[in-house]
Amino acid sequence: MNLIFLGPNGAGKGTQARLLHQREGIPQIATGDMLRAASAAGTPLGREAERYVRAGELVPDAVMIGLVADRLQQEDTSAGFVLDGFPRTIAQAEALEAVLAGMNRHLDRVIYFEVSETTLIKRLSGRMLCRAQGHIYNVHSNLPKTPGVCDVDGSPLYTREDDRPETVRRRLQVYREQTEPLLAFYRARGLYAMLNAEGDVEAIYRVLLALIAPPVCR
Ligand code: AMP
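Thresholds, definitions, all that
- Residues numbered from 1 in each chain as written.
- Predicted model: local features only at pLDDT ≥ 70, side-chain atom pairs only at ≥ 80, totals over all residues.
- Heavy atoms only, no water.
- Pairing = 2+ DSSP bridges.
- Helix = DSSP H or I, 4+ residues; strand = E, 2+ residues; numbered from the N terminus.
- Axes fitted to C-alpha atoms, helices over the stretch in contact; angles between N-to-C directions.
- Expected span 1.5 Å × (residues − 1).
- Buried < 20%, exposed > 50% of the residue type's maximum accessible area, 1.4 Å probe, protein only.
- Arc of directions from axis to C-beta.
- Polar contact = N/O pair within 3.5 Å; in protein donor to acceptor, adjacent residues only side chain to side chain.
- Contact = heavy atoms within 4.5 Å.
- Nonpolar A, V, L, I, M, F, W, Y, C, P; charged D, E, K, R; others polar.
- Salt bridge = Lys/Arg side-chain N within 4 Å of Asp/Glu carboxyl O.
- Disulfide = S-S within 2.5 Å.
- Near = heavy atom within 4 Å.
- Areas by Shrake-Rupley, 256 points an atom, 1.4 Å probe, with all protein chains shown as cover.
- Phe/Tyr/Trp six-rings, centres within 6.5 Å; stacked < 30°, edge-to-face > 60°.

Caption draft 1: Representation of the sheet that holds strand β3 (residues 81–84) within the structure. Here five strands make up an open sheet; going across it, the order is β2-β3-β1-β4-β8 and the pairing parallel. Strands at the two margins of the open sheet, each flanked by one partner only, are β2 (28–30) and β8 (192–196). Strand-to-strand twist across the sheet, computed as the mean angle between neighbouring axes with direction ignored, equals 25°. Here four bridges tie strand β1 (residues 2–6) to strand β4 (residues 109–114), and the two strands are oriented parallel to one another.

Now the structure itself:
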């Protein structure tokens, strides 16, 4: 299954992609996580991306397309992948089509995570991530068992710098302007499926599995 998870920041794409990885073994290609790892490691990519990420702006298309094209060359993606946070622009979507066509692969489905603006703000304002692997918690809905510590790997939790309210507002604006047009792009290709992403993580996961289960007629 070659999937894209599309939707605004805070819609739960990362949480569901992580579950799919843990339970179905489908690798998650989360471009935000890749950039944060590059920043933490102080690589040239990380340093270049940092100022965009911090401001809630998009990293230039050419950088992101190169990053994802390289990642898709890796063997673990050959049986399927979930792209989480990519594409975010029409240019990225078109480049992805070209990269996949060049590898004789195609997308199976694009899942659009639909949530209300109120839920988004609530999720993002209370979000905490673990330092080691980016496991996601939330002060409103998904607290760790021990405050400030990841249940899975015991590493400390932190709040993303770009989850501050003013940056969140900018990221949502960027999403509306640059990423939302992708809904029509993928609807036109017959790949689009909508997922109501409000509510309980496990209930959403069950609906997600049902959405990706049937083979797509091509
Ligand atoms: P995310 O973790 O998906 O919310 O991404 C965090 C930040 O990384 C975004 O606000 C952007 O600055 C940058 N980023 C991640 N993916 C992309 C992408 N596909 N295109 C441009 N910038 C991206």
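Caption draft 2: Summary view of helix α9 (residues 201–212). For α9, spanning twelve residues, the distance from its first C-alpha to its last is 16 Å, which sits close to the expected 16 Å at 1.5 Å a residue. Among the residues making up α9, those that are buried are Ile204, Tyr205, Leu208, Leu211 and Ile212. Summarising the axial view, the buried residues of α9 lie within an arc of 120°, below the 170-degree limit, and thus occupy one face. Exposed positions of α9 whose direction lies more than 90 degrees from the buried face are Arg206 and Ala210. Put simply, Asp200 is the residue that caps the front of α9, since its side-chain oxygen is 3.2 Å from the backbone nitrogen of Glu202.

Caption draft 3: Inspection of the packing of helix α5 (residues 90–102) against helix α8 (residues 181–188) at higher detail. Orientation of α5 relative to α8, taken along the N-to-C sense of each, is 30°, at an axis distance of 9 Å. Along the contact surface, α5 presents Ile90, Ala93, Glu94, Leu96 and Glu97, while α8 presents Pro181, Leu182, Phe185 and Tyr186. In terms of residue class, the contact of α5 with α8 is made up of seven nonpolar, no polar and two charged.

Caption draft 4: The arrangement of the pattern of salt bridges in detail. This model, assessed by the stated rule, comprises 17 salt bridges. With its nearest N and O atoms 2.7 Å apart, the salt bridge here joins Glu117 to Arg176. With Glu117 in helix α6 (residues 117–125) and Arg176 in helix α7 (residues 165–179), this residue pair connects regions lying 59 residues apart in the sequence. Residue Arg176 is classed as partly exposed on the basis of its relative accessible area, which comes to 31%. A salt bridge links Arg171 to Asp163, with the shortest nitrogen-to-oxygen separation between them at 2.9 Å. On the basis of relative accessibility, which here comes to 8%, the residue Arg171 falls in the buried class.

Caption draft 5: Geometry of the state of the cysteines. Following the criterion strictly, the structure yields zero disulfides and no others. Cysteine Cys130 is unpaired, with the sulfur of Cys150 as its nearest cysteine sulfur at 3.8 Å. Accessibility expressed as a relative area gives 3% for Cys150, which makes it buried.

Caption draft 6: Structural detail: the sheet that holds strand β5 (residues 127–130). Pairing within the open sheet is antiparallel, and its three strands lie in the order β6-β5-β7. Both edges of this open sheet fall to β6 (136–138) and β7 (157–158), since each of them pairs with a single strand only. As paired strands, β5 and β7 are joined by two bridges and run antiparallel to one another. Its bridge partner being in β7, Cys130 is matched across the sheet by Leu157.

Caption draft 7: Structural detail: the site of the ligand. Around the ligand, the surrounding shell holds 17 residues, and the nearest of these are Thr31, Glu57, Gly85, Arg88 and Gln92. With respect to the ligand, the side chain of Arg160 contributes an N or O atom lying 3.1 Å from an oxygen atom. At 3.3 Å from an oxygen atom of the ligand is found a side-chain nitrogen or oxygen belonging to Arg171. Summarising the interface, the protein chains cover 95% of the accessible area of the ligand, which totals 480 Å² for the free molecule. Tallying contributions element by element places helix α2 (residues 31–41) first for the shell around the ligand, with four residues.

Caption draft 8: Here's a closer look at the packing of aromatic side chains. In this structure the tally under the stated criterion is three aromatic pairs. With centroids separated by 4.9 Å and ring planes inclined at 50°, the aromatic side chains of Phe5 and Phe113 adopt a geometry described as tilted. Separated by 108 residues along the polypeptide, Phe5 in strand β1 and Phe113 in strand β4 bring together distant segments of the chain. Assigned by exposure class, Phe5 and Phe113 land together as buried. Their ring planes at 20° and their centres at 6.1 Å tell us that Tyr112 and Tyr192 sit as a pair that is stacked. Of this pair, Tyr112 sits in strand β4 while Tyr192 sits in strand β8, and the two are 80 residues apart along the sequence.

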